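# Survey of secondary and tertiary structure
As a plain string of letters, each chain reads:
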Amino acid sequence: ERGEYRHYMLKEIHEQPNAVAETLEERVTHDHLLAAAFGPDAERLLAEVEGVHIIACGTSYHAGMIARYQIEQLAGLPCNVEIASEYRYRDPVVPERHLFVCISQSGETADTLAALRLAGEKGYLARLAICNVPESSMVRESDLVLMTRAGPEIGVASTKAFTTQLSALALLALALGKAHGRLDAEAEANAVAELRALPTAIEAALELDGPIEKLAEHLVHRHHALFLGRGVHYPVAMEGALKLKEISYIHAEAYAAGELKHGPLALVDEDMPIIAVAPSDALLEKIRSNLEEVRARGGELIVFSDAESGFLPDERTHVIALPRAGGPLTAPAIFTIPLQLLAYHVAVHKGTDVDKPRNLAKSVTVE
Ligand code: F6R
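Residues numbered from 1 in each chain as written. Predicted model: local features only at pLDDT ≥ 70, side-chain atom pairs only at ≥ 80, totals over all residues. Heavy atoms only, no water.

Looking up the chain in an unreviewed UniProt entry gives the name Glutamine--fructose-6-phosphate aminotransferase [isomerizing], with the organism given as Natronospira bacteriovora. Taken from UniProt, the Catalytic activity (unreviewed entry) comment for the chain reads in full: "D-fructose 6-phosphate + L-glutamine = D-glucosamine 6-phosphate + L-glutamate". UniProt, in the comment section headed Subunit (unreviewed entry), describes the chain in these words: "Homodimer." (UniProt positions renumbered as here; feature names shortened; annotations may be inferred.)

Pasting the structure below:
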């Protein structure tokens with residue numbers, strides 16, 4: 001039931017604080033990750049893992065790309081992320097003691113399910129499904145399961161499924177880090193505190209709805225948009241571009257900002273809006289200089305950042321500062337919220353069928 005909301009998508013965007021809190025529930029205490037979060041035998045198994053392969057499609061693939069940065073950083077393990085439709089038709093080489101992870105809201109996506117089955121023949125240490133539907137094929141066919149608890153997602157464009165996937169994947173990164181002795185009690189307590197603050201940070205981001213709706217007017221008549229991010233925010237930019245494409249039918253592309261000079265900078269002129277995800281992290285100065293180059297070529301900038309970053313608005317630079325920017329585990333989920341809202345409001349202004357965008361199905365059960 002949509003209740004007071006105009007669309008399921010908007011309702012689901014607003015359900016995210018709760019969905020994330022549910023997904024963390026009983027998996028972390030106030031200061032540590034609970035060993036049982038991944039099932040009874042998982043602790044021993046995770047300690048044996050020497051590398052991770054993550055497979056998914058679409059938005060779920062973007063969640064996997066984000067997790068890669070976190071797993072490498074927290075656990076020091078090599079992590080590859082791949083689209084299921086590519087993985088299943090390669091002959092993937094699987095080194096010893098690798099963990100296979102598939103991510104899927106529905107648990108029925110044909111390519112991801114086929115990848116899970118193929119992985120069953122490849123000698124992985126174990127196959128873990130991160131999934132939102134308990135009775136789905138992927139849950140039934142995996143060795144380990146970590147449920148996202150987003151509840152039913154009706155809008156075709158995935159929102160709360162994505163941020164709950166990010167929450168579950170953060171738990172995986174932490175569990176791997178812990179199992180490999182890379183996380184002392186203090187680091188674990190800090191990470192858990194950061195995760196527990198995520199629902200409130202998402203709520204704070206949702207408060208930006210008004211200014212984002214205004215910004216959306218700038219995009220309604222555009223035909224193209226370029227999304228930029230660096231590091232863990234590069235896949236966040238990809239997710240923002242996908243949301244805009246799907247529901248507003250505006251052509252949007254995401255680039256790692258460091259790639260601009262290698263081609264896409266040629267696209268930039270007054271008609272090309274640039275949407276940047278640029279929080280104050282280790283890469284802030286890098287993306288700032290990328291954005292200055294864009295600005296110098298007349299591009300209109302929409303910058304999602306935070307109070308510390310020092311971005312100054314002018315007539316062609318719009319700055320939205322997130323009130324709570326989070327840390328390395330939670331910033332990607334927090335910065336996704338304004339991008340979801342932006343896509344949503346552009347689509348509403350354009351009058352598209354937000355919950356059922358043309359040509360798309362909620363669950364892609366045929367290839
Ligand atoms: C985008 C979207 C799709 C799905 C993709 C995978 O908003 O919803 O890209 O993420 O089809 O679906 P699941 O996660 O069910 O495997």
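Following the structure, the description resumes.
### Some points on the overall build of the chain
What the chain contains, in helices and strands, is 14 helices and ten strands. Summarising its shape, the C-alpha atoms of the chain cover approximately 55 × 45 × 45 Å along the three principal directions. A burial count over the chain gives 58% of its 367 residues as buried. Summed over all atoms, the accessible surface of the chain reaches about 15000 Å², with 50% contributed by carbon and sulfur. Averaging the positions of the 34 positive and the 52 negative side-chain charges in the chain gives two centres separated by 3 Å. (Helix = DSSP H or I, 4+ residues; strand = E, 2+ residues; numbered from the N terminus. Buried < 20%, exposed > 50% of the residue type's maximum accessible area, 1.4 Å probe, protein only. Areas by Shrake-Rupley, 256 points an atom, 1.4 Å probe, with all protein chains shown as cover. Lys, Arg positive; Asp, Glu negative; His and termini not counted. Charge placed at Lys NZ, Arg CZ, Asp CG, Glu CD.)

### A closer look at the side chain of Arg-127
In this fold, Arg-127 is placed in strand β4 (residues 126–131). Within the structure, Arg-127 has its side chain in polar contact with the backbone oxygen of Glu-141 (distance 2.9 Å). Residues within four places of Arg-127 in sequence aside, it is in contact with Phe-100, Leu-116, Arg-117, Ala-119, Gly-120, Glu-141, Ser-142, Asp-143 and Leu-144. (Polar contact = N/O pair within 3.5 Å; in protein donor to acceptor, adjacent residues only side chain to side chain. Contact = heavy atoms within 4.5 Å.)

### What to know about the pattern of salt bridges
The final tally for this structure, using the stated rule, is 21 salt bridges. Put simply, Arg-97 and Glu-96 hold a salt bridge, and the shortest N to O gap is 3.4 Å. On the basis of relative accessible area, Glu-96 is assigned to the exposed category, the value being 58%. A single salt-bridge network, built from bridges that share partners, covers Lys-11, Glu-15 and Lys-160. (Salt bridge = Lys/Arg side-chain N within 4 Å of Asp/Glu carboxyl O.)

### Some thoughts on helix α13 (residues 284–296)
Every α-helix winds through 3.6 residues per turn, so residues three or four apart in the chain are directed the same way. For α13, which comprises 13 residues, the first-to-last C-alpha distance of 18 Å matches the rise-based estimate of 18 Å (1.5 Å per residue) to within 8%. Within α13, burial applies to Leu-284, Ile-287, Arg-288, Asn-290, Leu-291 and Val-294. The arc that holds every buried residue of α13, seen down its axis, measures 165 degrees, which confines them to one face. For α13, the exposed residues set more than 90 degrees away from the buried face come down to Glu-292 and Ala-296. Buried positions along α13 lie against β6 (224–229), β8 (273–277) and β9 (300–306). Looking one or two residues beyond α13, the residue adopting positive phi is Gly-298, at roughly 90 degrees. (Expected span 1.5 Å × (residues − 1). Arc of directions from axis to C-beta.)

### Re the sheet that holds β8
Within a sheet, adjacent strands bond to each other through the backbone by hydrogen bonds, running parallel or antiparallel. Here we have five strands laid out as an open sheet, ordered β7-β6-β8-β9-β10, and parallel in their pairing. The open sheet terminates on both sides in strands that have one partner only, identified here as β7 (251–256) and β10 (317–322). Geometrically, the sheet is characterised by an average inter-axis angle of 20 degrees between neighbouring strands, direction not taken into account. The pairing of β8 with β9 spans five bridges and is parallel. Note that in β9 the partner of Ala-276 across the bridge is Val-303. In the packing of helix α12 (residues 233–248) onto the sheet, the strands contacted are β6, β7 and β8, and the crossing angle to β7 comes to about 175 degrees. (Pairing = 2+ DSSP bridges. Axes fitted to C-alpha atoms, helices over the stretch in contact; angles between N-to-C directions.)

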